[in-house]
Amino acid sequence: TTTTTTTTTTMKSDPSYTKGTIASTTTRRPTDTTTISLASTNSISRGSGGNNTTNTGTSASYATSTNIWAKLLGGNESVWDGLDGRDDVYDDHNDNNDHDDLISTKSRYENEGICGTTPLKICLMGAWYETRHFFKTMGKHPVIIVVSLAVFGLVCGLGMWAVESEREAFVKDRMDTAKFVARETAEYFANEFRRSMVPLYALREAIQYSGQFDTLPDLIGNYPSNLQAENVAILGGDMTQRNITGVCDQPQVLADWKSMVTKISDEHDLNGLIFRYRLWPKNVACLEFKGGEAMMDSGMDASYSPHPFWSQVVIDIQVDRWNGLHVFGPFEAKLPSGVADVFCTHIPLWTSTTGENAFKDVVKVQGTDVQNVWGFTMLYLNWSAMKERSNMYERFENVNMEFELFREEEPRLGDVGPKGLPTKEMTKLAWSEQADKLNEGNSVEVKTESLHGIWINRVGVVGDNGWNPEWWPTAVASVVVASFILMVLTAMTMVKSYLHKDLVNRMLPKQAIRKLQRGQTVVEKYNIVTVFFADIVGYTGAAGSMRPAQVMKMLNELYTELDKLAEKHQVYKVETVGNQYMVVAGAPERVTGRVSAQRVALFALDAINFVSKYQTKEGDKILIRAGMASGPTVAGVVGQAMPRYCFFGETVDFASKMESTSKKMKIQVSEMTYRLLLDCVNLKFVMTKRMEGGIAGVEIKGKGQQVTFWIEKASPCEKCFELATGSFALVPCGHIMCADCNEKYKMLPCPTCRCKVDDRVEWRGKPTKIVDESVEVEHAPVFDEEAGLTSETML
């Protein structure tokens, strides 16, 4: 049951405490009054006292309740109705005000007339917040990035090694296949070409040893006997023609020629690959065999004809004594079946130096006398037919390869063949459709010796991948993607691990965590620590009409800022129970008693300063009181479910009573804490003894009357409590330091509040003391105009 009474009182217009400031130039008058409506609540209380003020000229409600939830719990139940369905309440807790962002975004949509937030939008917002939080955690813990990249590099490296090994094995196998097929094909053609030339050797032997044509050279005679015409134009040049009628067209000669050629051709069974034979006694075209018939030839005298092809042939085989077969081609020739690539092969015939049929005359070959020349014979090979019978194109197509077969040496003859038809590039023997795309990088070469010289078969794979397998780019991409996925999974796992670790570290000290993980009991004794308690004892403004979500948001903002101050001043936050906030210095990190007291005192001053300035967007302000005590304690972890690191001992109880008997917006400290602060080396604290009705201290239940003190402010030295010429004002915190302290802490943060110093403004005015705002003064100096700041704007 709550009972409320209303009264009227005269109070000062500004709060009675702030940290050390410069007195305002406006003189405070006792007659400045404000009418304040006091709401006194009869409820469970740990103690209250002192006066509180609001801004001059404003009317506000003032509650003395020790718990800000009292009115909400004891008031109208309508404030809780429909709480679960409200837009400003969200069950999930997200760091960095993600919840507030979600609420404000939705509110903005509704204010702008946009359809309310759908489940899809909420999911997208949640995904965005999770992603942002993920990357923030990674930035906070760079080791996550390093380990994730190491995992990516390791997995990617191993994967690439495996893929590269498979690729190299595939390429080796493919190149071996190419070499095998190339060698097999080249050897096939070399053997077939060699087999096709056997009839020419057989024909030479038959002519020389049969004696059937021994009379032909004598009947034809040496030039110019039987000369018919000179410079007769034929394809490719001119010829000298001899009259061979009655010599080469004799029926018996023709019958012997046909019989000899037919027998040789049938014996070697070349299936029409050799389609023409010719006989040249005395180098005169006398007999030819084609289409199964023997006939008289043209009578051309190659020894005296200026034709470029035939003149080169007799020079090669007779003047220069060509070693082996004289092969020309391939060149294009017209056959009954059409145009085909053909080879023509020449072999010389020499007279015997002994025997009755020996020729002892000399033949002038293109101007050179050559002895023992009988003439030469030749045949024509259908190269196109041989390529078709080899199935070489299908063979290379089956292994998905291109090829090019060519001679190693350049051709010696000109650009016309025996019939004067233009030749192709005679070094190229056979090739596939895309042979022009073969190069050193995507092909191999295999050399083979043949009767036609050195044949080279170039075989390779045409395409973007070359020898590489078709699956290689996909495998590389898969390795990279898999490595990236594992990197992300590693990062996610480590982020969750570090979030859990950070959470546990915020809940328990590291040494306690290690003992708990080993199953040990956690208990530690500390000889001297300083314990701090603070409690919310009231509020001003419209807090009485605030809804639960708004109150929770306000408390969260308050305690979040206090957590930051605790971290800045290196004190250990123990717990927050209800509205009570507890920190300790000297445990679990062991420090001296003076250091522990100094850290907690500076934290307390900063906390009071923050709360005095804090207000919500609705203008609500919070009032707290604080207490400190120093002494020995015992700490340990209690419980297995939700374990807590707790402090036990008389010092904790005494610090709690220091808070409960303190006054609003004041810090009450025990006598031991007071003495420890007096002994601090680097800081000087201004502390006043508490006096109540002329009696020092306060009555503590179970301890009797105890002498206690109020902490007012702190500075590096006594000189820093007053402004003098050469003093410095620190920006942005506003603390004052004398010239000596400024030089001492020139490169360091502010020694009082540990804030980063952005600038130092030198005081050039008249000396003055820094006093509380509650002290009335007649005059206070201002900064010089050169400094750019007044005492008001600086603070």
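Just so we're clear, the structure is a prediction, and the values are computed from it rather than from any experiment. (Residues numbered from 1 in each chain as written. Predicted model: local features only at pLDDT ≥ 70, side-chain atom pairs only at ≥ 80, totals over all residues. Heavy atoms only, no water.)

For this particular structure, what's the right way to read the overall build of the protein?
Counting secondary structure elements, the protein contains 17 helices and 33 strands. For the protein, the proportion of its 795 residues judged to be buried stands at 45%. In the protein, 70% of the contacts between residues at least 6 apart in sequence involve partners at least 24 apart. Accessible surface for the protein amounts to roughly 40500 Å². Of this, 53% is attributable to carbon and sulfur atoms. (Helix = DSSP H or I, 4+ residues; strand = E, 2+ residues; numbered from the N terminus. Buried < 20%, exposed > 50% of the residue type's maximum accessible area, 1.4 Å probe, protein only. Contact = heavy atoms within 4.5 Å. Areas by Shrake-Rupley, 256 points an atom, 1.4 Å probe, with all protein chains shown as cover.)

Quick question: what am I supposed to make of helix α13 (residues 593–613) here?
Since there are 3.6 residues in each turn of an α-helix, residues three or four apart along the chain are aligned in direction. Under the 1.5 Å per step criterion, the end-to-end length of α13 is 31 Å for 21 residues, consistent within 8% with the ideal 30 Å. Burial runs high along α13: 16 of the 21 residues are buried. (Expected span 1.5 Å × (residues − 1).)

Would you take a moment to explain the pattern of salt bridges for this structure?
Pairing of side chains with opposite charge becomes possible as their charged atoms draw close. This structure, assessed with the given rule, holds 23 salt bridges. Among the salt bridges present, the one from R395 reaches E184, with a minimum N-O distance of 3.3 Å. Taken together, the residues span a long stretch of sequence, with R395 in helix α9 (residues 392–398) and E184 in helix α4 (residues 142–210) at a distance of 211 residues. Judged by relative accessible area, which is 34%, E184 ranks as partly exposed. Residues participating in the shared-partner salt-bridge network are K663, R690 and E692. (Salt bridge = Lys/Arg side-chain N within 4 Å of Asp/Glu carboxyl O.)

How do you make sense of the sheet that holds strand β15 (residues 443–450) when you look at a structure like this?
Either a parallel or an antiparallel arrangement is found when strands of a sheet pair, and the pairing is made through backbone hydrogen bonds. Reading across from one edge, β14-β13-β16-β15 is the order of the 4 strands in this open sheet, with antiparallel pairing throughout. Edge strands, defined here as strands with exactly one partner in the open sheet, are β14 (428–431) and β15. Here the strands of the sheet are splayed against their neighbours by 15° on average, with no regard to which way each runs. The pairing of β15 with strand β16 (residues 453–460) spans 8 bridges and is antiparallel. (Pairing = 2+ DSSP bridges. Axes fitted to C-alpha atoms, helices over the stretch in contact; angles between N-to-C directions.)

Teacher, can you tell me more about the packing of helix α3 (residues 119–140) against α4 here?
Two numbers describe a pair of packed helices, the interaxial angle and the distance between the axes. Packing of α3 against α4 leaves a shortest axis separation of 4 Å and a crossing angle of 95°. Classified by the interaxial angle, the pair formed by α3 and α4 is roughly perpendicular. Residues T137, M138, G139 and K140 of α3 touch α4, and the partners they reach there are P142, I144 and I145. Classifying every residue of the contact of α3 with α4 by side-chain character gives 4 nonpolar, 2 polar and 1 charged. (Parallel < 35°, antiparallel > 145°, perpendicular 65-115°, else oblique. Nonpolar A, V, L, I, M, F, W, Y, C, P; charged D, E, K, R; others polar.)

Could you clarify how one ought to interpret the state of the cysteines in this entry?
In protein chemistry, a disulfide is the covalent bond that joins the sulfur atoms of two cysteines. Here the structure, examined in full by the defined rule, presents 1 disulfide. Left without a disulfide partner, C741 is nearest to the cysteine sulfur of C717, which lies 3.4 Å away. (Disulfide = S-S within 2.5 Å.)

Can you walk me through the packing of aromatic side chains in this structure?
For any pair of aromatic rings, the description rests on two quantities: the centre-to-centre distance and the angle between the ring planes. Using the criterion set out here, one finds 26 aromatic pairs in the structure. Aromatic side chains F134 and F135 sit 5.3 Å apart centroid to centroid with 85° between the ring planes, which places their arrangement in the edge-to-face category. Assessed through its relative accessible area of 51%, F135 is described here as exposed. Three or more aromatic residues joined by ring pairs form one cluster here, namely Y188, F189, F193, F343, W383 and W455. The side chain of K387 reaches across the aromatic face of W431, ending 5.9 Å from its centre. Its guanidinium or amino end placed over the ring of W431, K428 lies 4.7 Å from that ring's centre, counting from NZ or CZ. (Phe/Tyr/Trp six-rings, centres within 6.5 Å; stacked < 30°, edge-to-face > 60°. Lys NZ or Arg CZ within 6 Å of the ring centre and 35° of its normal.)

Just checking my understanding: could you explain the sheet that holds strand β31 (residues 736–737) for this structure?
Taken together, 3 strands build an open sheet; the order of strands is β31-β30-β32 and the sheet is antiparallel. Strand pairing shows two members of the sheet lacking a second neighbour, β31 and β32 (759–762), which therefore form its edges.

Any chance you could explain the nonpolar core here in plain terms?
Buried together is how nonpolar side chains tend to be arranged in soluble globular proteins. One finds I207, F213, W257, L279, L287 and W383 to be the most contacted residues of the largest nonpolar core, which totals 56 residues. Discounting chain neighbours no more than four positions away, the residues touching F213 are I207, V253, D256, W257, M260, L279, L287 and W374. (Core = buried A, V, L, I, M, F, W, Y, C linked by side-chain atoms within 4.5 Å.)

Looking at this structure, I do not really get helix α15 (residues 671–678). What am I missing?
Where α15 is concerned, the buried positions are T673, Y674, L676 and L677. The arc that holds the buried residues of α15, viewed along the axis, is 165°, so those residues lie on one side. (Arc of directions from axis to C-beta.)

What's the story with the pairing of strand β3 (residues 227–234) in this structure? I'm lost.
Regular strands place their side chains on alternate faces of the sheet. Alignment of β3 against strand β4 (residues 237–242), held across 5 bridges, turns out to be antiparallel. Residue pairing for β4: A229 is matched across the bridge by Q241.

So what exactly am I meant to see when it comes to the environment of G593 here?
Considering the arrangement of structural elements, one finds G593 in helix α13. Among the residues examined, G593 registers a relative accessible area of 11% and is labelled buried. Taking the C-alpha atoms as reference, G593 lies 9.6 Å from C680; in sequence the two are 87 residues apart. The contact partners of G593, leaving out residues within four places of it in the chain, are I528, T530 and L676.

Got a minute to help me understand the packing of α13 against α15 in this structure?
Axis separation between α13 and α15 bottoms out at 8 Å; the angle between their running directions is 100°. The angle between α13 and α15 falls in the class roughly perpendicular. In contact with G593, R594, A597, Q598 and A601 of α13, α15 contributes T673, L676 and L677. Tallied by class, the residues present in the contact of α13 with α15 amount to 4 nonpolar, 3 polar and 1 charged.

I would appreciate a short explanation of a nonpolar patch on the surface in the present structure.
A cluster of nonpolar side chains, contributed by V481, F484, I485, L486, L489 and M492, occupies part of the molecular surface with about 520 Å² of accessible area. Relative to the helices and strands, I485 is located in helix α10 (residues 472–507). (Patch = residues over 30% accessible without salt bridge, like charges linked within 9 Å, V, L, I, M, F, W, Y side chains within 5 Å.)

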